[in-house]
Amino acid sequence: MRKICGVLVLAPVLALGVMTWFFVIRGSTVQGEDGRTVVMLSPSDRAFFLSEMRGWLESVQGISEALAEGDMKRAAEEARAAGKVDMSEIPGSLLRSIPAEMKTLGLDTHAAFRTLAKEIEGGKNGKEALKMLSGLMLNCVGCHASYRVEAKKE
């Protein structure tokens, strides 16, 4: 009887662990021929994801331009906008498809933009802010070196 109870308790826990690994940690990925992990997304999730990446790139350009012009207020505003994340706007299917390391990198990047905004508002000069932006960009470079996204065939 004890063995049956143990199995009845262990089986759902094991199933939950496998499902968590498959849907939350692993994501929907394959190994690419270029050595990067290919994240397979639905066409709509891919469009959403790439739109977010273009938004970050536009923010980096805006921050760089503002810093070059000495417009610290605008640099902080650009950084703050890039740092915003509303999890309710992100499709659940996208979150399930992205591997855990990529999710962590994305959230760290949002946080780095918010930190940059706070530091600029706190008096960082343009050179210091540019150095922080350069460090933040290492997240972008690392992600693009490790991952690429492709649309699933539907």
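Quick notes on the overall build of the protein chain
Along its length, the protein chain carries six helices and three strands. Ordered by position from N to C terminus, the α and β elements of the protein chain give α-β-β-α-α-α-α-α-β. Looking at the protein chain as a whole, 27% of its 154 residues are labelled buried. Expressed as a percentage of contacts within the protein chain between residues at least 6 apart in sequence, the contacts between residues at least 24 apart total 75%. Looking at the protein chain as shown, the accessible area adds up to about 9700 Å², and 62% of this sits on carbon and sulfur atoms.

Quick look at the nonpolar core
Core analysis: the biggest nonpolar cluster contains 16 residues, and Ile-63, Ala-75, Phe-113, Leu-116, Ile-120 and Leu-133 have the highest contact counts within it. For this core, the leading source of residues is helix 2 (residues 43-69), giving five residues. Ignoring sequence-local partners within four residues, the contact set of Ala-75 consists of Ile-63, Ala-66, Leu-67 and Ile-120. Of all hydrophobic cores here, the second largest spans nine residues; its members include Val-39, Phe-49, Met-102 and Tyr-147.

Some remarks on the layout of surface pockets
Each pocket or cavity is described by its volume, and for the largest pocket that value is around 750 Å³. Secondary-structure elements contributing two or more residues to the lining of the largest pocket are helix 2, helix 3 (72-83), helix 4 (92-97), helix 5 (100-121) and helix 6 (126-146). Looking at the lining of the largest pocket, the element that brings in the most residues is helix 2, giving ten residues.

Side note on the packing of helix 2 against helix 3
The interhelical angle for the contact between helix 2 and helix 3, taken along N-to-C directions, is 165°, at an axis separation of 8 Å. As judged from the angle between their axes, helix 2 and helix 3 are roughly antiparallel. Where helix 2 crosses over helix 3, the two elements pack in a sense that is left-handed. Counting all contacts with helix 2, which are made through Trp-56, Glu-58, Ser-59, Gly-62, Ile-63, Glu-65, Ala-66, Leu-67 and Glu-69, the residues of helix 3 involved are Met-72, Arg-74, Ala-75, Glu-78, Ala-79 and Ala-82.

A word on the pairing of strand 2 (residues 37-41)
Burial analysis of strand 2 places four of its five residues in the buried class, which makes it a mostly covered element. The pairing of strand 1 (residues 29-31) with strand 2 spans three bridges and is classified as antiparallel. Opposite Gln-31, over in strand 2, you have Thr-37 as the bridge partner. Here strand 1 hands over to strand 2 after five residues, with Gly-35 in that stretch at a positive phi of 90°. Looking at chain direction, strand 2 and strand 3 (residues 147-151) are connected through five bridges and run parallel. In the strand pairing of strand 3, Leu-41 is matched with Ala-151.

Rules and cut-offs
- Residues numbered from 1 in each chain as written.
- Predicted model: local features only at pLDDT ≥ 70, side-chain atom pairs only at ≥ 80, totals over all residues.
- Heavy atoms only, no water.
- Helix = DSSP H or I, 4+ residues; strand = E, 2+ residues; numbered from the N terminus.
- Buried < 20%, exposed > 50% of the residue type's maximum accessible area, 1.4 Å probe, protein only.
- Contact = heavy atoms within 4.5 Å.
- Areas by Shrake-Rupley, 256 points an atom, 1.4 Å probe, with all protein chains shown as cover.
- Core = buried A, V, L, I, M, F, W, Y, C linked by side-chain atoms within 4.5 Å.
- 1 Å grid on protein atoms, 1.4 Å probe; cavity = no way out; pocket = protein on both sides within 12 Å on 5 of 7 lines; lining within 4 Å.
- Points joined across faces, edges and corners; volume = space filled by probe spheres on them.
- Axes fitted to C-alpha atoms, helices over the stretch in contact; angles between N-to-C directions.
- Parallel < 35°, antiparallel > 145°, perpendicular 65-115°, else oblique.
- Left-handed = near helix turned anticlockwise from the far one by under 90°.
- Pairing = 2+ DSSP bridges.

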